[in-house]
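Geometric and topological summary
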Amino acid sequence: MLVTAASLGVATGLVSGIQLTAGGAWSRAGTLVVVALIFGVINAVLKPVIKVIGCAFYVLTLGLAALVVNGLLLWLTSDIAGHLGLPFHVTGFWPAVWGAIIVGVVSWLLHLLLGDKRREEREEREPEYRH
């Protein structure tokens with residue numbers, strides 16, 4: 001969640017259509033964490049359903065449909081955040097798509113830098129069998 005919050009913070013700095021209007025640094029950080037939580041729940045619930053329903057579009061577009069879906073999910077996150085009174089707003093479709101691309105790339109880079117503790121724990125529990 002913190003990686004997603006940091007990625008959203010980078011996206012707000014790079015994409016002019018993504019706005020975070022919270023006052024101080026702590027307020028901005030707290031808003032980003034809550035928005036990251038909302039984004040995570042939306043991705044966990046809706047993304048698998050969308051992938052199953054739109055499987056043919058993913059195949060036909062060689063995965064480019066995922067960019068549109070991720071942008072729409074970020075835009076939905078902005079709408080929900082607005083209804084909750086959070087100072088986070090995505091102004092339209094294209095800022096949402098660019099923001100989703102940035103969130104994906106920055107999250108991937110941060111996971112590379114920080115490592116994946118879940119994978120390390122799983123590897124410790126499941127010893128590798130060699131022939």
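So, here is what we can say about the structure in this document.

1. Focus on the packing of aromatic side chains
Ring pairs (aromatic) are described by centroid distance and by the angle formed between their planes. As enumerated under the stated definition, the model contains one aromatic pair in all. On the basis of an interplanar angle of 75° and a centroid distance of 5.0 Å, the ring pair of Phe-93 and Trp-94 is categorised as edge-to-face. Residue classification places Trp-94 among the exposed residues on the basis of a relative accessible area of 56%.

2. Points about helix α1 (residues 2-14)
Across its 13 residues, α1 extends 18 Å between first and last C-alpha, which sits within 8% of the 18 Å expected from 1.5 Å per residue. Within the span of α1, buried status applies to Val-3, Ala-5, Ser-7, Leu-8, Ala-11 and Thr-12. Close packing links the buried residues of α1 with β1 (18-20), α2 (25-53), α4 (65-83), β2 (88-90) and α5 (93-114).

3. With respect to unusual backbone geometry
Here Leu-62, not a glycine, exhibits a phi torsion of approximately 55°, which is positive. Relative to the helices and strands, Leu-62 resides in the loop between α3 (55-60) and α4.

Basis of the calculations
The written sequence of each chain sets the order in which its residues are numbered from 1. For this predicted model, a pLDDT threshold of at least 70 governs which residues receive local features, and a threshold of 80 or more governs which side-chain atom pairs are given and counted, while totals over whole chains, interfaces and linings are taken from all residues. Derived side-chain values reflect all non-hydrogen atoms in the structure, with water molecules and hydrogen atoms excluded from consideration. Classification of ring pairs uses Phe, Tyr and Trp, with its six-membered ring standing for Trp, and accepts pairs whose centres are within 6.5 Å; under 30 degrees between planes counts as stacked, over 60 as edge-to-face, and the remaining range as tilted. Only protein chains enter the area calculation, which uses a 1.4 Å probe; residues under 20% of their type maximum are buried, those over 50% are exposed, and those in between are partly exposed. Helix and strand assignments come from DSSP, with helices taken as H or I runs of at least 4 residues and strands as E runs of at least 2, each series counted from the N terminus. Expected helix span is computed as 1.5 Å times (number of residues minus one). Any two residues whose heavy atoms approach within 4.5 Å are treated as being in contact.

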